Amino acid sequence: MKRIAVALVVLAAAAIARAEGAAPAEIFAKRCAACHGKDGKGNTPMAQKLGAKDLTTLKASEADIAKVIENGKGKMTAFKGKMTDAEIQAVAKYVKDGLK
């Protein structure tokens, strides 16, 4: 009985988290892929025009990536106020983990 209760709590938490926001890959596709490319390598014409970095080779920490997403850098727009803090953190982790 205890296992069932724990499983229900975990499933409920996952459902709430999913309802609160999109998956990091979906956010990346919506907010980042236009400039960085779907694979994050920055090899699209738009990425090359803007000088977008290859996100798959970044050595920055997750916190530093989140700061760039939040505040922008160079030609990159700031996403503070356009994305929630949770979305920024999720995308930063997604980028740090190699877009996986």
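Presented here is a report on the structure given in the accompanying data block. Note that the structure is predicted; figures quoted are calculated from it, not measured.

1. A word on the overall build of the protein
What the protein contains, in helices and strands, is 6 helices and 0 strands. Seen in sequence order, the protein has helices and strands lined up from the N terminus as α-α-α-α-α-α. Out of the 100 residues belonging to the protein, those deemed buried represent 22%. Partitioning the contacts of the protein with sequence separation of at least 6, the portion at a separation of at least 24 is 42%. In the structure as shown, the protein presents an accessible area of about 7,000 Å², 61% of it carried by carbon and sulfur atoms.

2. A word on the packing of helix α2 (residues 24-31) against helix α6 (residues 85-96)
Viewed as axis vectors pointing N to C, α2 and α6 meet at an angle of 95°, and their least axial separation amounts to 9 Å. The orientation of α2 with respect to α6, classified from their angle, is roughly perpendicular. Taken together, the residues of α6 that come into contact with α2 (itself represented by P24, A25, I27 and F28) are E87, A90, V91, Y94 and V95. Its residues placed into classes, the contact of α2 with α6 shows 8 nonpolar, no polar and 1 charged.

What counts and how
Residues numbered from 1 in each chain as written. Predicted model: local features only at pLDDT ≥ 70, side-chain atom pairs only at ≥ 80, totals over all residues. Heavy atoms only, no water. Helix = DSSP H or I, 4+ residues; strand = E, 2+ residues; numbered from the N terminus. Buried < 20%, exposed > 50% of the residue type's maximum accessible area, 1.4 Å probe, protein only. Contact = heavy atoms within 4.5 Å. Areas by Shrake-Rupley, 256 points an atom, 1.4 Å probe, with all protein chains shown as cover. Axes fitted to C-alpha atoms, helices over the stretch in contact; angles between N-to-C directions. Parallel < 35°, antiparallel > 145°, perpendicular 65-115°, else oblique. Nonpolar A, V, L, I, M, F, W, Y, C, P; charged D, E, K, R; others polar.

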